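Single-letter residue listing:
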Amino acid sequence: MSDKEIYSLDQLPPITSWLTDMDGVLVREHHAIPGAQEFLDTLHELQLPFLVLTNNSIYTARDLSARLENSGLKVPEDHIWTSALATAAFLSQQSPESSAFVIGEAGLTTALHEAGYVMTETDPEYVVLGETRTYDFVAITHAIRLIEKGAKFIATNPDTTGPSEDGTLPATGAVAAMIERATGKKPYFVGKPNSIMLRAGLNKINVHSETTALIGDRMDTDVQAGIEAGLRTFLVMSGSTRESDIATYPYRPYRTQDSIADVIEIVHEHIKAAQSEG
């Protein structure tokens, strides 16, 4: 099934920049997926712009870089793009240097501070909900009351569950649903499958969607976001989506591959094509 093209996008320029999801594509259960480092090394050697994406908003890019290194992967922090960073970028465009009541950890609070936001419990413009390992019912209650008073409700990502060594954990989407039911106010989710996270990433590395591809392991987040951002999407079978799942969705990835290792040859093919065109 490797190198299977789902549909053709003729007349598009070669791919010269890459976005790749992290969990299920580069790492699985804290271990590097075979071929992941070779893929990253290829991008470095060819000096191609790239970002590693994650909906996880708990950690800063520096933290994630260290965690990936512990898994056997070398990814500089400036090549990591999280839903927390995307949320901070979005809010700084919507309302620069404003205020927010934040439920989240260092990844989110650091990103918002660096975007010029003030963290406050009194009359914030926004309530921003992110991932945390210890959701505080008092903080959730305060967020509900602030939203009832008119604060705008933003959440980093819609994922309802997250993995842990002990089993499933409730994630941002599940807590957001509780707040929504209590307030009647729907949150605006910035992370995947919202293509705004990808578009902000493209701006960060200064590349165009026509020459960029996204590698992901999920149809309902990665592929959907990539299609809506105008990217060519590569679905790998090393994560949560199975080949039989593809037909259940009303959209298709550009191509499917067994794993990230199979994409290395594609990177070289497109660079050769770009050089021949140049």
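Everything below is about the structure printed above this text.
Calculation criteria
- Residues numbered from 1 in each chain as written.
- Predicted model: local features only at pLDDT ≥ 70, side-chain atom pairs only at ≥ 80, totals over all residues.
- Heavy atoms only, no water.
- Helix = DSSP H or I, 4+ residues; strand = E, 2+ residues; numbered from the N terminus.
- Contact = heavy atoms within 4.5 Å.
- Lys, Arg positive; Asp, Glu negative; His and termini not counted.
- Charge placed at Lys NZ, Arg CZ, Asp CG, Glu CD.
- Buried < 20%, exposed > 50% of the residue type's maximum accessible area, 1.4 Å probe, protein only.
- Pairing = 2+ DSSP bridges.
- Axes fitted to C-alpha atoms, helices over the stretch in contact; angles between N-to-C directions.
- Right-handed = clockwise from strand over helix to strand, strands pointing away.
- 1 Å grid on protein atoms, 1.4 Å probe; cavity = no way out; pocket = protein on both sides within 12 Å on 5 of 7 lines; lining within 4 Å.
- Points joined across faces, edges and corners; volume = space filled by probe spheres on them.
- Nonpolar A, V, L, I, M, F, W, Y, C, P; charged D, E, K, R; others polar.

Draft legend 1. The arrangement of the overall build of the protein chain in detail. Within the protein chain, the regular secondary structure consists of nine helices and 16 strands. Along the longest, intermediate and shortest principal axes, the C-alpha atoms of the protein chain span 60 × 35 × 35 Å. Considering only intrachain contacts with a sequence separation of at least 6, the fraction spanning at least 24 residues in the protein chain is 69%. Computing the positive centroid from 21 side-chain charges and the negative centroid from 38, the protein chain places the two 5 Å apart.

Draft legend 2. Representation of unusual backbone geometry within the structure. Pro193 follows Lys192 through a cis peptide bond whose omega is 15 degrees. Relative to the helices and strands, Pro193 resides in the loop between strand 13 (188-189) and helix 7 (196-205). The backbone phi angle of Gln47 is positive, close to 55 degrees, even though this residue is not glycine. Relative to the assigned elements, Gln47 resides in the loop between helix 1 (36-45) and strand 5 (50-54). Unlike most non-glycine residues, Glu97 shows phi in positive territory, near 50 degrees.

Draft legend 3. Representation of the environment of Ala229 within the structure. For Ala229, the location among the structural elements is in the loop between helix 8 (219-228) and strand 15 (232-236). Residue classification places Ala229 among the buried positions, given a relative accessible area of 1%. In contact with Ala229, not counting residues within four places along its chain, are Ser195, Leu198, Arg199 and Ser209.

Draft legend 4. Structural view of the sheet that holds strand 8 (residues 118-119). Within the open sheet, the five strands sit side by side as 8-7-9-10-13. Their pairing is parallel. Both edges of this open sheet fall to strand 8 and strand 13, since each of them pairs with a single strand only. Pairing analysis gives two bridges linking strand 7 (residues 99-103) to strand 8, with the strands arranged parallel. Looking at strand 8, one finds that Ala100 is bridged to Met119. In the packing of helix 3 (residues 83-94) onto the sheet, the strands contacted are strand 9 (126-129), strand 10 (152-155) and strand 13, and the crossing angle to strand 9 comes to about 170 degrees.

Draft legend 5. Representation of the pairing of strand 9. Burial of the side chains of strand 9 extends over both faces: Tyr126 and Val128 are buried on one face and Val127 and Leu129 on the other. Pairing geometry for strand 7 and strand 9, over four bridges, is parallel. Each residue of the ladder has a partner; that of Val102, found in strand 9, is Val128. Two strands pair when backbone bridges link them, and strand 9 and strand 10 are joined in this way by four bridges, in the parallel orientation. By the bridge assignment for strand 10, Tyr126 is matched with Lys152. With respect to chirality, the unit in which strand 9 leads through helix 5 (residues 137-148) into the neighbouring parallel strand 10 is right-handed.

Draft legend 6. Inspection of the layout of surface pockets at higher detail. Of the pockets and cavities examined, the second largest pocket occupies roughly 160 Å³. Looking at the second largest pocket, the residues that line it are Thr60, Ala61, Arg62, Glu77, Thr82, Ala84, Leu85, Gly107, Thr110, Ala111 and Glu114. At the level of secondary structure, the elements contributing two or more residues to the lining of the second largest pocket comprise helix 2 (61-70), helix 3 and helix 4 (106-114). The element best represented in the lining of the second largest pocket is helix 4, accounting for four residues. Partitioning the lining of the second largest pocket into residue classes produces four nonpolar, four polar and three charged.

Function cannot be read off these values alone, since they describe shape.
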